[in-house]
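Take a look at the letters that make up each chain.
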Amino acid sequence: MSETRKGRLRAFFQSEFFYNFRRSPAAVAGALIVVLVLLVALIGPYFTVQDPYNMAELQLSDAYKPPFWMEGGDPKFLLGTDQQGRDMVSAIVYGSQVSLVIGLLGTLMASAIGIVLGLASGYFGGKVDALIMRIADVQLSFPSMLIALFLMSILGRSVANILLSLMLVGWVRYARTVRGETLSVKRNEYIEAAHVIGLPNWRILFRHVLPNVFASIVVLSTMQVGGFILTEATLSFLGLGVPISRPSLGMLCNNGFTVLYSGLWWVSILPGLYIMIIVFGINLLGDFLRDEMNPKLK
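All of these numbers come straight from a predicted model, not from anything done at the bench.

1. Description of the UniProt feature "domain: ABC transmembrane type-1" (unreviewed entry) in the protein
Mapped onto the present numbering, the UniProt feature "domain: ABC transmembrane type-1" (unreviewed entry) falls on residues 96-286. As a span, residues 96-286 carries 83% helix and 0% strand, and end to end its C-alpha atoms are 20 Å apart.

Below, the structure is given as structure tokens:
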């Protein structure tokens, strides 16, 4: 590691941000949850007892086995099995991969569109601002879930269509946030100086305005990931999400819902609890970032 990188790491560990992070139990807990969830998604498949979506590895004789601590449980299947004999631990691990990828990619796509439109709206103003904000106002007049359900019913079930729907649903929050920050930043003297020396607008936007609104984008993105995971889970639960061949946590909840009141609670409840843990950890971390990156809250 070069001396420059060592110096940056040393400066980070000695910074006020890291000091406040260490002193915040909620932030530490949120970070630990997020790291553990990512590790489970990345390396978990190497330790599962089966590939739950490889039919050759499933046995119908293993269907609806309860968790190991209940009567009739099998230590091989720690959290029981579903109607097809899928190990619930394996299904949750594989399902979390799809849910996290959709949450992260959906946030990235929505933020990219929203940032560009928000910068253009706040920087140029006039008719550009009016057009973009009126479109945003119209979209905000409808519930986001209703828009996502409408889009998925038209586009059909696929991961690509879910990402497209999340992008079209989520860009508005970024655009409005970035627009407000841009309106404030563009009044600064260094922006006026950049105009005077003849820098092109795109360079001013992405080299001088964007870095100054980046903190708000990071905070919003952190919260948006959890929201998109919940949206994907809801769509999959309602049968409008990922296809059957691509597992997700929402689909696992849907698979067990029909037998929830038959005493087979683990098939639906356990994936639902895992969704809750993921979103809870992301929100804890997001709350800390919001407090640290917003100078008005200090």
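2. What about the side chain of serine 221?
Within the secondary structure layout, serine 221 lies in helix α9 (residues 201-237). Each residue touching serine 221, except ones within four places of it in the same chain, is listed here: Thr107, Ser111 and Tyr174.

3. Observations concerning the nonpolar core
With 31 residues, the main nonpolar core has Ile102, Leu119, Val209, Ile217 and Val242 as its most contacted residues. Here the element with the most residues in this core is α9; it accounts for nine residues. Counting residues in hydrophobic clusters, the runner-up holds 23 residues, among them Val37, Val225, Trp266 and Ile275.

4. Focus: the packing of aromatic side chains
Under the criterion given, the structure shown has seven aromatic pairs. With 5.4 Å between their ring centres and 80° between their planes, phenylalanine 237 and phenylalanine 257 make a pair best called edge-to-face. One end of the pair, phenylalanine 237, is in helix α9; the other, phenylalanine 257, is in helix α10 (residues 249-257), with 20 residues separating them in the sequence. The class of phenylalanine 257 is partly exposed, set by a relative accessible area of 40%. Their ring planes at 85° and their centres at 6.0 Å tell us that tryptophan 265 and tryptophan 266 sit as a pair that is edge-to-face.

5. Some points on α9
With 37 residues, α9 ought to run about 54 Å at 1.5 Å a step, yet its terminal C-alpha atoms sit only 45 Å apart, falling short of that. Taken as a whole, α9 carries its principal kink of about 55° at leucine 210; the proline proline 211 stands between one and four residues after it. Directly beyond the C-terminal end of α9, a positive phi value near 85° is found at glycine 239.

6. With respect to the side chain of threonine 81
Relative to the helices and strands, threonine 81 is located in the loop between α3 (25-43) and α4 (88-124). Under the relative-accessibility criterion, threonine 81 is labelled buried at 0%. Separated by 3.1 Å, the side chain of threonine 81 and the backbone nitrogen of tyrosine 64 make a polar contact. A polar contact of 2.7 Å, which involves the side chain of threonine 81, links it to the backbone nitrogen of lysine 65. Filtering out sequence-adjacent residues up to four positions away, threonine 81 remains in contact with Asp62, Ala63, Tyr64, Lys65, Arg86, Asp87, Met88, Trp266 and Val267.

7. Concerning the environment of phenylalanine 12
By secondary structure assignment, the location of phenylalanine 12 is in helix α1 (residues 3-13). Given the relative accessible area of 35%, phenylalanine 12 is considered partly exposed. When residues no more than four places from it in sequence are discounted, the contact partners of phenylalanine 12 are Phe17 and Phe18.

8. A closer look at the UniProt feature "transmembrane region" (unreviewed entry) in the protein
Within the UniProt annotation, "transmembrane region" (unreviewed entry) is assigned to residues 26-47, 98-119, 158-175, 213-244 and 264-286. Annotation note: span residues 213-244, helix share 78%, strand share 0%, distance between end C-alpha atoms 40 Å.

9. Quick look at a nonpolar patch on the surface
On the surface, Val35, Leu36, Leu38, Leu39, Leu42, Ile43, Tyr46, Phe47 and Leu104 cluster together to form a nonpolar patch covering roughly 970 Å² of accessible area. It is α3 that contributes the most residues to the nonpolar patch, six residues altogether. Summarising the element assignment, leucine 104 is placed in helix α4.

10. Regarding the confidence of the model for the protein
With 97% of its residues at a pLDDT of 70 or more, the protein has an overall mean of 86. The element-level mean pLDDT for the protein is lowest in α1, coming to 71, with α3 highest at 92.

11. Considerations on the packing of α3 against α4
One way to put it is that α3 packs onto α4 with a least axis distance of 8 Å and a crossing angle of 110°. On the basis of the axis angle, α3 is roughly perpendicular to α4. For α3 against α4, the interelement crossing comes out left-handed. Across the interface between the two elements, Val37, Leu38, Val40 and Ala41 of α3 pack against Val93, Ser96, Gln97 and Leu100 of α4.

12. Considering α4
Under the 1.5 Å per step criterion, the end-to-end length of α4 is 53 Å for 37 residues, consistent within 8% with the ideal 54 Å. Where α4 ends, the next residue or the one after it, glycine 125, has phi of about 65°, a positive value.

13. Comments concerning the packing of α9 against helix α11 (residues 266-293)
α11 packs onto α9 with a crossing angle of 165° between their chain directions and a minimal axis gap of 9 Å. Between α9 and α11, the angle falls in the class roughly antiparallel. Relative to α11, the crossing made by α9 is left-handed. Residue-level inspection shows Ala215, Val218, Val219, Thr222, Met223, Val225, Gly226, Ile229, Leu230 and Ala233 of α9 in contact with α11, the latter providing Ile275, Ile278, Val279, Ile282, Asn283, Leu285, Gly286, Asp287, Leu289, Arg290 and Met293. A class-by-class count of the residues in the contact of α9 with α11 yields 15 nonpolar, four polar and two charged.

Conventions used here
- Residues numbered from 1 in each chain as written.
- Predicted model: local features only at pLDDT ≥ 70, side-chain atom pairs only at ≥ 80, totals over all residues.
- Heavy atoms only, no water.
- UniProt positions renumbered as here; feature names shortened; annotations may be inferred.
- Helix = DSSP H or I, 4+ residues; strand = E, 2+ residues; numbered from the N terminus.
- Contact = heavy atoms within 4.5 Å.
- Core = buried A, V, L, I, M, F, W, Y, C linked by side-chain atoms within 4.5 Å.
- Buried < 20%, exposed > 50% of the residue type's maximum accessible area, 1.4 Å probe, protein only.
- Phe/Tyr/Trp six-rings, centres within 6.5 Å; stacked < 30°, edge-to-face > 60°.
- Expected span 1.5 Å × (residues − 1).
- Bend = angle between axes of the 7 residues up to and from the residue.
- Polar contact = N/O pair within 3.5 Å; in protein donor to acceptor, adjacent residues only side chain to side chain.
- Patch = residues over 30% accessible without salt bridge, like charges linked within 9 Å, V, L, I, M, F, W, Y side chains within 5 Å.
- Areas by Shrake-Rupley, 256 points an atom, 1.4 Å probe, with all protein chains shown as cover.
- Salt bridge = Lys/Arg side-chain N within 4 Å of Asp/Glu carboxyl O.
- pLDDT = per-residue confidence, 0-100.
- Axes fitted to C-alpha atoms, helices over the stretch in contact; angles between N-to-C directions.
- Parallel < 35°, antiparallel > 145°, perpendicular 65-115°, else oblique.
- Left-handed = near helix turned anticlockwise from the far one by under 90°.
- Nonpolar A, V, L, I, M, F, W, Y, C, P; charged D, E, K, R; others polar.

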